[in-house]
Amino acid sequence: MNSRPIAPCQTKSRRRGCLPIKLSRSLGLRLSPWLVLALGLVTAASIRAQTTPAWDSAQQIRELGFQAQSELYAAARASDATVHHRAAANLLADAAHIYETDLQPSFREFAPETDALILEALARAQTAAMDGAPAAVAAARGRLWTALLQGSQALTLSMLRAGDSTSAAEWLRLREYRQSTRVSTVDDPAALAIADVEQHQLSAEAAAAIVANDLRGAYYFRLRDAMAQIEVAVEKNFPTRAAESAGLAAGYFSILQADMREKLGAEAAGRLQGSFTTLEAAALNEDWAAVRTRANAIRDALGSYQPVQLTPAEIAERGHLLYLFTNLVYVEYKDGVRDGQVTVAIEYQEAITFRGQAEVAFEELRPLIAKADAQAAARLEAILGELETTMLNLGQPQAVKVLVDEALGIIASTLNAGPAASDTAASFAILDTLLSEMLTAIRDGRYEEAERARIEAYAVFESGPEQRLAHRAPILSRELEGMFWEGTDGKPGLATLIANKASVADITASTDQLNVRLNQAEDFLSTGMSGFLAAVNSMIIILREGLEAVLILGAILGYLRATNCPRKFSLWVYLGTAAAIALSVFTWWAAQSLITITVAQREIIEGAASLLAVVVLFYVTNWLFEKVYVVDWIAFVKEQVGKALSTGSALALAGLGFTVVYREGFETVLFYQALSFDAPASWMWLGFIVGSLIIVAVAVAILMMSKRLPLKPLFTVTGLLLLLLAFNFMGSGVRAFQEAGLISAHLLTWIPEHLLLMELLGIYPTLETTLAQAFFLLTMAATFAYSLWRGSQKKDGAKQSANASLSRAK
C-alpha cells in the first residue's frame, strides 16, 4: 500500500495540472480521440510531478475550513445569507474531495477509526454550513483538524514499525509542536529518531517509542492550551472561538485517549470522554456556567495524567526550572511595577513571561506533585492563577512576593527542588525562553513584540554570561553580541533582521546559529575556572579599565609637576580620584539594594559618560595643541597657574579626575562581580593586587618622565594620547547607546571585527559608530586647522606691528 497516494485530477478547477471535464462540456468543446489521449498523457505526467504531500493536503483542507468559516461571517452581514451558506458548504465539499483522493486510502487501511472521525467531522461541518451555524462549523473544524493529526500519528507509527522510515518521516510532517521552553525545547526528537533509523543507529521499535512520547507530550500541551483558550473565550463572550477550542480539546483527547485509558483506567477515561462531549455541547449552546463547571472537572481529572514518563534526572531538572521561573516572577516584577504603575516595561513583561513558563513547567510536574501532596498541587495551581490576576491588575510587589514565597515552599517540599549552586544554567534557561518567545512572535507576524523579546534576551545575556565571558572568552563574547545586534562575520544579526522584517526562515536560521554559540558559551562557563586563570583574568580587568584612567590622570599630574604647581593641587586630583572610586562602589551597592538600574539604563550611563569625556578631552586636546603650536604656551601656563592660586580652580582639576575615574570605576566593579561567580576569592584578589601594582608603576613612570622630558614633547605626547582616548570613547559611547536600544545598528562588512580594534580604538563594524568617529576626526581636524590659521594671523600681525615700529624708530 502506498502511504503517500498520488493525487488524481480533481473536478475542481483550483487543482493544478487538470483540465476539468465539466468545464470543457459546458463550453461545448468537442475533442478528438487523439487530442484526448495526448491531454491524458500530459495530465498524468503533470499529476505525478505534482504529487501532494500528506501535510500539504491537510493544510489545504484546513485552509478550506477557514474560508468556509469566513463565508459564514460574511453571511451575518449580507442581505442574502443563503448565498454564503452554499459557498461555505461547497468549500467544505472541496475539502472532503481532497481528503477522499489524497488521504483517505491510507487512513482507511491503517487508521479506520480516524477515517470515521474525519468523515463525521466533514459531514457535521457541511450540515452546519447549510444551516448557517458558525459555532457548529468551528467545533467541527476543531474535530476535523485533530482527527487529521491523529491519523498522521497512526500512519507514522505504522510505517515506522513496517520498516518504511521514509514514509514515516513524510507522515510525521503533519503534526503540531508544543510551545518551546527550556522545559520543552525546539528540538524534534521524533524526527531525529526516524533519521537515526535511516542511519541504522536505532531500532524501529525504539524509534516508535520516542515518536509516541514526543507526540503525546505535544498534544497534551495542546489540550491544556485549548482548555485555557476556552476560558478566555468565555470571559470575552466569543461563542465561535469557544466552540472551536472545545472541538480541538475533544480532538486532542481522542489522540491521547488510548494512553489515558492505560494509565488512568478505562472508567476514568470514559468519564473524561463524556466530559469533553458535554463541554462541546455546552459551548455550542453558549451555556457558560456549564462550560466553566465542566472545564474545571476536566482540569481536575487531567491533574493525575502524565503523558510522558520522566527520568529522575529530568524530574530534578524540571523541578529546578519550576523553582527558577517562579522565583524570577517576583525578582522582575518588583523592578517593573511600583505604586500601581509600570515603571520598567521590560521587567514587567519578563515577570509575565516567567509566570507563564512556571505554569508550563508545573503542568508537566503536576502529577508528581499531586502524588506527593494533592492539596499542595491544588494550592500551587491556585497560586499561579492568583499571581496572574495580581500582576495584570498591577498589584503591590509585596503581594506578589507573598504568593511567590508560598509557591517556592511547596515546590521545595514536594519536589526537593531549590536554587542551583550556579546561575549559569539559570541564565541560559531564561535566554532559551525569551528567544523562543521571540520566534513565536515572528511566526505570528508580531515584529514589535519580537524585538521586545530580543532586547529582553540580550539584557539577560549582557547582565550575566557576557560579563563572565568578556575576559575568559572575549572573542566569543563579541561574536555573540554581534549576533544579537547588527551581525557578525558578514551576516546580519537579529536586530537587523527584525528591523528589516526579514522572513521567518531567515530569522529562525539566525536564531539557530545564535543558539549553537550560546550552547558553546554555556559549556565553557560550566567548566569553572582554575585559580591561576582567575588571577590572570582579575589582573586583566584592572589593567584594562585602569590604564585609561591612569593615562589621563598622568597627563593632569604631569602638567601640574612640569609647571611646578603647588602640591595641594595634586592632592585635589587624588581626592577626586578617591571620591570616584568610592562612588563607584556605592553605586554598585545601591543598584543591588536601593535603586533599580536596568541593563539598558546602565548602558545609557556608560554611553553618556563616554560622550561627556569626549567633550572634555576634545577641549583639552585643542587647548594643548593651541598652546604648543600656536602661542607662547609656557607663558600662558604660568599665567593660568597664577590664576589657579588666586581663584581656587583646583576644584576643577579634582572634578576632571573624578569624571575620568568614575567612568571606568563602575564598569570595573561590575566586571569583578561577574568574575566572582567563577573565581576563587583569594586568587581574584591576588590578580587585583598584581594589576594594581602594575598600574601604580605605570603612573610613577609617567610622573618621572614628565619631570625629565622637555615640556613641549611631553605635552605633544599627552595630546596624542588624549586624542586617541577621545576617539575610543566616541566609538564606545555610541556603541553603548546601541546596546541600550537608543540608536540603531547597521553592519558594515568591510570593517574588520577585530577585538583589538574594539578595545583599543573603539572601532566597531557598524555604520553609526563609524560616522560618529569620522565626525569626531573631521571636527578635530577643522579646529586644529582653525587654530593654525589663527596663529599665523597673529604672527603676521605681530610682524607687521614690529615692522611698523621699526619704521617709526628709523
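Thresholds, definitions, all that
- Residues numbered from 1 in each chain as written.
- Predicted model: local features only at pLDDT ≥ 70, side-chain atom pairs only at ≥ 80, totals over all residues.
- Heavy atoms only, no water.
- Helix = DSSP H or I, 4+ residues; strand = E, 2+ residues; numbered from the N terminus.
- Buried < 20%, exposed > 50% of the residue type's maximum accessible area, 1.4 Å probe, protein only.
- Contact = heavy atoms within 4.5 Å.
- Areas by Shrake-Rupley, 256 points an atom, 1.4 Å probe, with all protein chains shown as cover.
- Axes fitted to C-alpha atoms, helices over the stretch in contact; angles between N-to-C directions.
- Left-handed = near helix turned anticlockwise from the far one by under 90°.
- Polar contact = N/O pair within 3.5 Å; in protein donor to acceptor, adjacent residues only side chain to side chain.
- Salt bridge = Lys/Arg side-chain N within 4 Å of Asp/Glu carboxyl O.
- Patch = residues over 30% accessible without salt bridge, like charges linked within 9 Å, V, L, I, M, F, W, Y side chains within 5 Å.
- pLDDT = per-residue confidence, 0-100.
- Expected span 1.5 Å × (residues − 1).
- Arc of directions from axis to C-beta.

Caption draft 1: Summary view of the overall build of the chain. A tally of regular secondary structure across the chain gives 31 helices and four strands. Here the chain holds 810 residues, and 49% of them are scored as buried. When contacts within the chain are restricted to residue pairs at least 6 apart in sequence, those whose partners lie at least 24 apart make up 76%. Summing over all exposed atoms, the chain offers an accessible surface of approximately 38,100 Å²; the carbon and sulfur share of this is 60%.

Caption draft 2: Molecular detail of the packing of helix α9 (residues 204–236) against helix α10 (residues 239–264). Their axes nearest at 8 Å, the elements α9 and α10 cross at an angle of 145°. In terms of crossing hand, the pair formed by α9 and α10 is left-handed.

Caption draft 3: Focus on the side chain of T156. Mapped onto the secondary structure, T156 falls in helix α6 (residues 134–161). A relative accessible area of 0% means that T156 is categorised as buried. Of the polar contacts made by the side chain of T156, one reaches the backbone nitrogen of L172; its length is 3.3 Å. Residues in contact with T156, not counting those within four places in the same chain, are A168, W171, L172, I194 and V211.

Caption draft 4: Inspection of the pattern of salt bridges at higher detail. Under the counting rule described, the total for this entry stands at 26 salt bridges. One salt bridge in this structure joins R355 and E359, with 3.2 Å as the shortest N-O distance. Taken together, the residues span about one helical turn, with R355 and E359 both in helix α14 (residues 345–372) at a distance of four residues. A residue is classified by how much of its surface remains accessible, and R355, at 7% relative accessible area, is buried. Assessed through its relative accessible area of 29%, E359 is described here as partly exposed. Close ionic contact of K401 with D405 constitutes a salt bridge, the shortest N to O distance being 2.8 Å. Highlighted residues: K401 and D405, both in helix α16 (residues 397–415), separated by four residues, approximately one helical turn. The exposure class of K401 is partly exposed, given its relative accessible area of 28%. Overall, D405 belongs to the partly exposed group, its relative accessible area being 38%. Bridged by salt links that share partners, the residues E231, R299, R366 and E381 form one connected network.

Caption draft 5: Examining a nonpolar patch on the surface more closely. On the surface, a cluster of nonpolar side chains totalling about 460 Å² of accessible area is made up of F532, W683, L686, V690 and I694. With four residues, the single largest contributor to the nonpolar patch is helix α28 (residues 681–708). Here L686 shows up in helix α28. Accessibility expressed as a relative area gives 41% for L686, which makes it partly exposed.

Caption draft 6: Seen up close, the environment of R292. Here R292 lies in helix α12 (residues 288–302). In this structure, the C-alpha to C-alpha distance between R292 and E231, residues 61 residues apart in sequence, is 7.5 Å.

Caption draft 7: Layout of the confidence of the model for the chain. Averaged over all residues, the pLDDT of the chain equals 79, while 77% of them reach at least 70. Every residue in residues 180–186 is under pLDDT 50, and counting partners more than four places away or in other chains gives 19 contacts. When the criterion is pLDDT under 50, residues 640–648 qualifies, and its contacts beyond four places in sequence or with other chains add up to seven contacts.

Caption draft 8: Just α6, in detail. Helix length check: α6, at 28 residues, gives a terminal C-alpha distance of 41 Å against a target of 40 Å (1.5 Å per residue), a fit within 8%. Within α6, 22 of the 28 residues are buried, which leaves the element mostly enclosed by the surrounding structure. At the C-terminal side of α6, G163 shows a positive phi close to 90°.

Caption draft 9: Examining helix α8 (residues 189–198) more closely. Three or more residues of α8 are buried, namely A190, A193, I194 and V197. Viewed along the axis of α8, the buried residues span an arc of 95°, placing them on a single side of the element. H200 sits one or two positions beyond α8 and adopts a positive phi of about 60°.

Caption draft 10: Inspection of the side chain of T353 at higher detail. With respect to the secondary-structure elements, T353 resides in helix α14. By relative accessible area, which is 9% here, T353 ends up buried. Those residues in contact with T353 that sit more than four places away from it in its chain are T433, L434 and E437.

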